[in-house]
Amino acid sequence: MASQKHEGWVLISTAYDDGGLSGGSLERPALQRLMQDMRDGLVDQIIVYKIDRLTRSLTDFSKIVDVLDAAGASFVSVTQSFNTATSMGRLTLNMLLSFAQFERKVTAERIRDKIAASKRKGLWMGGLVPIGYDVDGRTLQINDEEARMVKTLYDLYEAHGSVRAVKEHANRQRLRTKRREATDGSVSGDVSFSRGHIHQILTNPLYAGRIRHRKTIHEGQHPALIDPARWEQVQVMLQDGATKARRARSKTQSSPLCGKLFDETGDRLTPSHSKTKAGKRLRYYVSHRLIAKRGEAHQGGWRLPAPELETQVAALNRTSLTSKAAAARLMLDAATDKIGRIQRALCDWVDAADQKQLLNPVKKLTITPGQLSIEMDAEQMAVLLDVHVDALDEDALKLTNTFQMRKRGVETKLIMAERPTGQDPKLIKNIAKAHHWFAQIRKGKSFDEIAATEDTSKRRIQQMIDLAFLAPDLVRDVMDGKQPVGFTSDWCLRHTLPSDWTAQRALLLSH
């Protein structure tokens, strides 16, 4: 600061220190306080030793610059001789940030290569330690007490040949999962085994003395808990069991919505068929009460042509999953580049899927007069998108579509309506509010002052203020009622809208 006294700079007493936190994210307490103080007019110059001490992401930097511009502040790097008050300074800054971001990605690649090389040598590279083992440097050692439980699970599977039966017997024997204590003192685990956990233990090559890296398995340096030959035999049993299950399911494959379709009373629609005089087989989905109480009057219920219904549901799924904002709608929170990857995965899968495959993720269908509701299976969608199931928005997995009914004898034909489009008055109103609030911020008002004047909450303003920076073409689409599917005020409450217009389009529009 002494070298800049001629500029009239005065050091404030507040310290903004995020020691130990990566510059790859804006979610750092001290940085958030600094940005808020800029908005409140308490800071008009940010001075750092090097730019990458503040951020190493071009996208994050663009957000910081937006705050700087709105507050009339600027950014200075002491060792790199520039500040954002000049166009040349901003150009230099963007160049340095590009190199910082490149360095970060190269470092990440080196780490991934290092992990792959170490696993090829059979080393343990961290993560949750599986039950039956304890960490011993870069390898594992057997935990005798837990190892007995793992061997018991293998014994039970060989005896009964069913993961479901293993779970039942494990519960009777009161077998418990590994107890884990985090550094903050919280405790997890020490619960009954689930079928998924048991299946993971039975298929994990770690117990045969091997290390898995993605789809490749290497010989490990840790001792095997299960004899490799025995482990291979268990894999054969698991595959045979899966084959038998597939054969059992093949009986209902001709009616892929079997067990998934319900009417407004909660009654299940079951597959049925009849034959024409020419011997042609006609398939239907029929309310169970019409079959169970055949001949009784005033039962009511549905009798739907199966091929038409399956085609219509598959078409609804295809349209929904390939919409321009499908990935953004499904994910609770994800970076722009990840949204793009997920959107491409959705489109690639839909393009390659046949009708039955498009129906597989359907968990439940509910038909009521005039409306069909579809609920997708969260776990199947998570596997399809290669994300954790908790990252998905459960509400976005539920679709509805209206239809008209046309009676034809005893059967009902559904005529699906096209997805309604039009203006979203709530979204238009919030865009107008965001511009109004931003104008007040430029006049020097804080979020708290605006919230008090507008009789709203500070949190609400922070959630909606990004709409003031919405790209002009996107604003025009909203005004014309042609906004991306899923782009609503509720979506804005759960997602951060990038300030960069290109990033906005990538998030909301691109595949």
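Right above here is the structure, for reference.
Residues numbered from 1 in each chain as written. Predicted model: local features only at pLDDT ≥ 70, side-chain atom pairs only at ≥ 80, totals over all residues. Heavy atoms only, no water.

Asks: An account of the nonpolar core is needed here, citing residue identities and associated values.
Replies: The biggest cluster of nonpolar side chains holds 64 residues, and the ones touching the most others in it are Val313, Leu330, Leu467 and Phe487. In this view, Val313 contacts Leu257, Leu359, Val362, Leu365, Leu372 and Ile374; residues no more than four positions away in its chain are not counted. Counting 29 residues, the second largest nonpolar core, distinct from the first, contains Val163, Phe193, Ile201 and Trp231. (Core = buried A, V, L, I, M, F, W, Y, C linked by side-chain atoms within 4.5 Å. Buried < 20%, exposed > 50% of the residue type's maximum accessible area, 1.4 Å probe, protein only. Contact = heavy atoms within 4.5 Å.)

Asks: Lay out a positive patch on the surface with the relevant residues and their values.
Replies: A contiguous patch of positive charge on the surface is contributed by Arg104, Lys105, Arg112 and Arg214. Note that Arg214 resides in the loop between strand S8 (210-213) and strand S9 (216-219). (Patch = residues over 30% accessible without salt bridge, like charges linked within 9 Å, V, L, I, M, F, W, Y side chains within 5 Å. Areas by Shrake-Rupley, 256 points an atom, 1.4 Å probe, with all protein chains shown as cover. Salt bridge = Lys/Arg side-chain N within 4 Å of Asp/Glu carboxyl O. Lys, Arg positive; Asp, Glu negative; His and termini not counted. Charge placed at Lys NZ, Arg CZ, Asp CG, Glu CD. Helix = DSSP H or I, 4+ residues; strand = E, 2+ residues; numbered from the N terminus.)

Asks: Got a sec to walk through empty space enclosed by the protein? Specific residues and values, please.
Replies: Enumeration over the complete set of coordinates arrives at one cavity of 30 Å³ or more. In this model, the largest cavity occupies a volume close to 40 Å³. If you go around the largest cavity, the residues you meet are Gln463, Met464, Asp466, Leu467, Cys492, His495, Thr496 and Leu497. The residue inventory of the lining of the largest cavity, partitioned by class, reads four nonpolar, three polar and one charged. (1 Å grid on protein atoms, 1.4 Å probe; cavity = no way out; pocket = protein on both sides within 12 Å on 5 of 7 lines; lining within 4 Å. Points joined across faces, edges and corners; volume = space filled by probe spheres on them. Nonpolar A, V, L, I, M, F, W, Y, C, P; charged D, E, K, R; others polar.)

Asks: Go over the packing of aromatic side chains, please, and point to the residues and values.
Replies: According to the stated counting rule, one finds two aromatic pairs in the structure shown. Pairing Phe438 with Phe469 gives two aromatic rings, centres 4.8 Å apart and planes at 75 degrees, and the pair type is edge-to-face. Taken together, the residues span a long stretch of sequence, with Phe438 in helix H14 (residues 425-442) and Phe469 in the loop between helix H16 (458-464) and helix H17 (472-479) at a distance of 31 residues. Positioned over the ring face of Tyr284 is Arg303, at 4.2 Å from the centre of the ring. Geometry around Phe262 places Lys364 over its ring, the cationic atom sitting 5.3 Å from the centre. (Phe/Tyr/Trp six-rings, centres within 6.5 Å; stacked < 30°, edge-to-face > 60°. Lys NZ or Arg CZ within 6 Å of the ring centre and 35° of its normal.)

Asks: Just give me the short version of the pairing of S8, but keep the residues and values in it.
Replies: Sheet analysis places S8 next to S9, joined by four bridges and oriented antiparallel. By the bridge assignment for S9, Ile211 is matched with His218. Where S8 folds back onto S9 in an antiparallel hairpin, the turn is made up of two residues, including Arg214, whose phi is positive at roughly 55 degrees. (Pairing = 2+ DSSP bridges.)

Asks: Would you mind going over the environment of Phe262 in detail, with residue names and values included?
Replies: Here Phe262 shows up in strand S10 (residues 261-263). Judged by relative accessible area, which is 16%, Phe262 ranks as buried. Along the primary structure Phe262 and Ile367 are separated by 105 residues, whereas in three dimensions their C-alpha atoms are 6.3 Å apart. Not counting the four nearest positions on each side in its chain, Phe262 is found in contact with Asp267, Arg268, Leu269, Lys364, Leu365, Thr366 and Ile367.

Asks: So, helix H1 (residues 29-39): which residues are in play, and what are the values?
Replies: Count 3.6 residues to each turn of an α-helix, and residues three or four apart come out pointing the same way. Turning to H1, its buried residues number three or more, namely Ala30, Leu31, Leu34, Met35, Gln36, Asp37 and Met38. Backbone geometry just downstream of H1 places Gly41 in the positive-phi region, at approximately 80 degrees.

Asks: Run through the sheet that holds strand S13 (residues 303-305), naming residues and quoting values.
Replies: Reading across the sheet, the three strands line up as S11-S12-S13 and stay open at both edges, with antiparallel pairing between neighbours. Only two strands of the sheet have a single partner each, and these edge strands are strand S11 (269-275) and S13. Between one strand and the next, the sheet's axes are offset by a mean angle of 35 degrees, whatever the strand orientation. Strand direction decides the pairing type here: strand S12 (residues 281-287) and S13, joined by three bridges, are antiparallel. (Axes fitted to C-alpha atoms, helices over the stretch in contact; angles between N-to-C directions.)

Asks: Could you give an account of the packing of helix H5 (residues 163-172) against helix H6 (residues 195-203), naming the residues involved and the relevant values?
Replies: Here H5 crosses H6 at 110 degrees, and the two axes come no closer than 9 Å. Accordingly, the angle class assigned to the pair H5 and H6 is roughly perpendicular. Each of Val163, Arg164, Val166 and Lys167 in H5 lies in contact with H6, whose residues at this interface are Arg195, Ile198, His199 and Leu202. The class makeup of the residues in the contact of H5 with H6 is four nonpolar, one polar and three charged. (Parallel < 35°, antiparallel > 145°, perpendicular 65-115°, else oblique.)

Asks: Tell me about a nonpolar patch on the surface, residues and numbers included.
Replies: On the surface, Met88, Leu91 and Met95 cluster together into a nonpolar patch covering about 320 Å² of accessible area. Tracing the sequence through the fold places Leu91 in helix H3 (residues 87-120).

Asks: Can you lay out the environment of Asp190 for me, pointing to particular residues and giving the numbers?
Replies: Here Asp190 lies in the loop between strand S7 (187-189) and H6. Spatially, the C-alpha atoms of Asp190 and Leu175 are 9.0 Å apart, while their sequence positions differ by 15 residues.

Asks: Give a description of the pattern of salt bridges that names residues and reports values.
Replies: One pass over the full model with this rule turns up 12 salt bridges. In this structure, Lys178 engages Asp134 in a salt bridge whose closest nitrogen and oxygen atoms are separated by 3.7 Å. With a gap of 44 residues between them, Lys178 in the loop between H5 and strand S6 (179-181) and Asp134 in strand S4 (residues 133-136) connect regions that are remote in the sequence. Judged by relative accessible area, which is 28%, Asp134 ranks as partly exposed. In this structure, the salt-bridge partner of Glu310 is Arg283, at a minimum N-O distance of 2.9 Å. Here Glu310, found in helix H9 (residues 306-321), pairs with Arg283, found in strand S12; they are 27 residues apart in sequence, far enough to count as distant. Using a relative accessible area of 4% as the deciding quantity, one classes Glu310 as buried. Several salt bridges share partner residues, and in doing so they unite Asp134, Glu146 and Lys178 into one network.

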